[in-house]
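Report on the structure
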Amino acid sequence: MTSAITTTYNFDQVIERRTTDSIKWKKFGDDVIPMWVADMDFVSAEPVIQALRKRVDHGIFGYGVPSEELRAVIRERLARLYHWRIEDEDLFFSPGLVTGLNVAYQAYAGPGDGVLAQPPVYFHFIKDPGWHGRIVNDPPLVEKGNTYEIDFDRFEKSITPRTKLFVLCNPHNPAGRVYTGNELERLAEICLRHRLVICSDEIHCDLLYPGYQHIPIATLSPEVAERTVTLMAPSKTYNLAGLGCSFIIMKNRVLQEAWKRISFGIVPHVNIMGYVACLAALKHGHDWLEQVLVYLKGNRDFLNQYVTENLPGVRMFKMEATYLAWLDCRGTGIPGNPTEFFLREARVGLNDGTEFGKGGNGFVRLNFACPRSRLREALDRMAAALKRI
Ligand SMILES: Cc1ncc(COP(=O)(O)O)c(C=O)c1O
């Protein structure tokens, strides 16, 4: 489904966000360019803004439910993109994916049980299980040139008799990988053999660069679907993170019951504005997404070239997806932690690689979903800081 009218978006436009209580823009001082948390400095798709405006004009903001239309649009989208046919009762909603991950830790592993994750990875995969008394089993991804591979042997060996759940991040943040069918099949085969539940975070699945195809792990076979809970959202795709709407697909009735038990009374309903934005984005956000992907690819290629030419000792990993670049700073000669260095010396706010667990030391993560002029300014500042070492 596409919008009737094609709007041309101008992602070069610089928009002030400091006045809007943005977490990204509030974390550091006013002189810092924030390149950290994963939201984009771009205005949302026009049809989303219009739909929200219309809903606000109605003026009554009571409790909401996901509409039949929203459910149908999601089912149609999964069928169209992945030949994935789901039933209405397989579809759940949640304010966020981090909420979903934390429900999974409690629903599918008991205290003292193991949760399997692949660092370096988004920190909620490796930090949060411990908050619930679960143990993290963390066989790291393996650096291979400028990309990462899975060491399947090590992956399997890290499974203990108490490991119950595998949290998959695909596309992977921050490794930038889109797992191939073959990799997913091998992971799924190991998980099935050890009777693990798979919780697959696919939040970045629409932000792929040309040449890559997303495969939801649950689509591999009915057996895999039976053991999988898939988390998806329009929040990264259409830059709607602050509206808190995500959806979950699970076929297995036992997994569904456990999910409901943990969530009931604790996980709030999705915000009515979140539902409105989600529906408008999925129905009419196609032009925006198509255009933002072109712009992001331009930024990725610009960054890649800039790093090679002007940031000596920094190594950028290959990006198959996401707008989150993973930069190895171990060769720079920066004294101490590179994130602290770039904040202090360049006034650029990045994510610290150590947040992502094993393999993150000496790395920074840089969010380049911003106007190119801002990206250039941040990089110029980083280059100047490196020259002063
Ligand atoms: C892999 C991954 N999962 C989840 C999230 C956050 O999801 P939510 O805002 O829906 O909690 C992020 C945000 O960066 C992410 O990268």
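Residues numbered from 1 in each chain as written. Predicted model: local features only at pLDDT ≥ 70, side-chain atom pairs only at ≥ 80, totals over all residues. Heavy atoms only, no water.

So, the side chain of Ser44
Threshold: Comment: elements are numbered from the N terminus, with helices defined as DSSP H or I runs of at least four residues and strands as E runs of at least two. When checking whether two residues touch, look at their non-hydrogen atoms; a contact exists if any pair is within 4.5 Å.
The residue Ser44 is located in the loop between β1 (33-34) and α2 (46-58) in this model. Once you skip the residues sitting within four places of it in the chain, Ser44 turns out to touch Tyr9, Ile49, Tyr238, Asn239, Leu240 and Trp288.

Digging into the environment of Ile262
Mapped onto the fold, Ile262 is located in helix α9 (residues 253-263). Taking C-alpha positions, Ile262 is 18 Å from Gly114, a pair spaced 148 residues apart along the chain. For Ile262, the contacting residues outside a window of four places in its chain are Val103, Gln106 and Ala107.

A look at the state of the cysteines
Formally: By definition, disulfides here are pairs of cysteine sulfur atoms that lie within 2.5 Å.
Summed over all chains, the structure comprises 0 disulfides. Considering cysteine sulfurs only, Cys278 is the nearest to Cys245, which forms no disulfide, with 4.1 Å between them.

Considerations on the site of the ligand
The test is simple: Consider each residue's heavy atoms; a residue with any of them within 4 Å of a molecule or strand counts as near. Pairing of N or O atoms within 3.5 Å defines a polar contact, subject to two protein rules: one partner must be a possible hydrogen donor and the other a possible acceptor, and residues neighboring in sequence count only if both atoms are side-chain atoms. The way it works is a 1 Å grid over only the protein atoms, where trapped points that fit a 1.4 Å probe form a cavity and open points with protein on both sides within 12 Å along at least five of seven lines form a pocket, and then any residue with an atom within 4 Å of a point lines it. Whether a molecule lies in a cavity or pocket depends on its atoms, and more than half of them have to be within 2 Å of the grid points. Three residue categories are used. Nonpolar comprises Ala, Val, Leu, Ile, Met, Phe, Trp, Tyr, Cys and Pro, charged comprises Asp, Glu, Lys and Arg, and polar comprises the others, including Gly.
Around the ligand sit Ala38, Gly96, Leu97, Val98, Tyr122, Cys169, Asn173, Asp201, Ile203, His204 and Lys236, and those are all the residues in its vicinity. In the environment of the ligand, an oxygen atom lies 2.7 Å from a nitrogen or oxygen atom belonging to the backbone of Leu97. Asp201 places a side-chain nitrogen or oxygen 2.5 Å from a nitrogen atom of the ligand. Cavity membership is defined here by more than half of the atoms lying within 2 Å of grid points; on that basis the ligand lies in the largest pocket. Within the shell around the ligand, the residues separate by chemical class into 6 nonpolar, 3 polar and 2 charged.

With respect to the layout of surface pockets
Selection criterion: Grid points are joined across faces, edges and corners, and a volume is the space filled by probe spheres set on the points.
Quantified by volume, the largest pocket comes out at close to 660 Å³. As for the largest pocket, its lining consists of 33 residues, of which Val37, Val98, Tyr122, Lys236 and Ala241 are closest to the centre. With 3 residues, the top contributor of residues to the lining of the largest pocket is helix α4 (residues 97-108).

Some words on the sheet that holds strand β14 (residues 351-352)
We count it as follows: Two strands are said to pair when DSSP picks up at least two bridges between them.
On the basis of which strands lie adjacent, the open sheet formed by 4 strands has the order β11-β12-β15-β14 and antiparallel pairing. The open sheet is flanked by β11 (315-316) and β14, the only strands paired with a single partner. Bridge count for β11 against strand β12 (residues 324-328) is 2 bridges, and the pairing is antiparallel. Its bridge partner lying in β12, Met316 is registered against Leu327.

What about empty space enclosed by the protein?
Scanning all chains against the criterion turns up 2 cavities of 30 Å³ or more. Considered as a void within the structure, the largest cavity measures approximately 70 Å³ in volume. Residue lining of the largest cavity: Arg77, Leu78, Leu81, Tyr82, Cys205, Asp206, Met232, Ala233, Pro234, Phe247 and Leu282, and that is the complete set. Per-element tally for the lining of the largest cavity: the top contributor is helix α3 (residues 68-82), with 4 residues. Each residue belonging to the lining of the largest cavity can be placed in one class, and the counts come to 9 nonpolar, no polar and 2 charged. Lining the second largest cavity we find Pro234, Ser235, Leu240, Leu243, Cys245, Gly274, Ala277 and Cys278. Class assignment for the residues of the lining of the second largest cavity results in 6 nonpolar, 2 polar and no charged.

A word on the pairing of strand β9 (residues 228-232)
Looking along a regular strand, one sees the side chains alternate between the two faces of the sheet. Here is the rule: The buried label goes to any residue with under 20% of its type's maximum accessible area, the exposed label to any with over 50%, and the partly exposed label to all in between, with areas taken from a 1.4 Å probe on protein chains only.
With 5 of its 5 residues buried, β9 lies for the most part within the structure. Across 4 bridges, strand β8 (residues 197-201) lies against β9 in parallel orientation. Looking across to β9, one finds that Ser200 is bridged to Thr230. As defined by bridge partners, β9 adjoins strand β10 (residues 246-250) across 4 bridges and the pair is classed as antiparallel. Bridging from a neighbouring strand, Val229 pairs with Met250 of β10.

Notes on the packing of aromatic side chains
To be explicit about the condition: To pair, rings of Phe, Tyr and Trp, with the six-membered ring standing in for Trp, must have centres within 6.5 Å; the planes then decide the type, stacked if under 30 degrees apart, edge-to-face if over 60, and tilted in the middle. The rule is short: NZ of Lys or CZ of Arg within 6 Å of the ring centre and within 35 degrees of the ring normal puts a charge over the ring.
On inspection of all chains with the given rule, the structure shows 17 aromatic pairs. With centroids separated by 6.4 Å and ring planes inclined at 70°, the aromatic side chains of Tyr122 and Phe125 adopt a geometry described as edge-to-face. Between Phe302 and Tyr306 the ring centres are 6.0 Å apart and the planes differ by 50°, which places this aromatic pair in the tilted class. Here Phe302 and its partner Tyr306 are both found in helix α11 (residues 286-310), 4 residues apart, which amounts to about one turn of the helix. In this structure, Phe302 and Tyr306 share a single accessibility class: buried. Among the aromatic residues, those joined into a ring-pair cluster are Tyr9, Phe11, Phe42, Tyr238, Trp288 and Tyr295. The residue whose ring lies beneath Arg300 is Tyr209, and the NZ or CZ to ring-centre distance is 4.4 Å. Against the face of Tyr295 rests Arg372, its NZ or CZ located 4.7 Å from the ring centre.

All quantities given are derived from atomic positions and should not be read as evidence of function.
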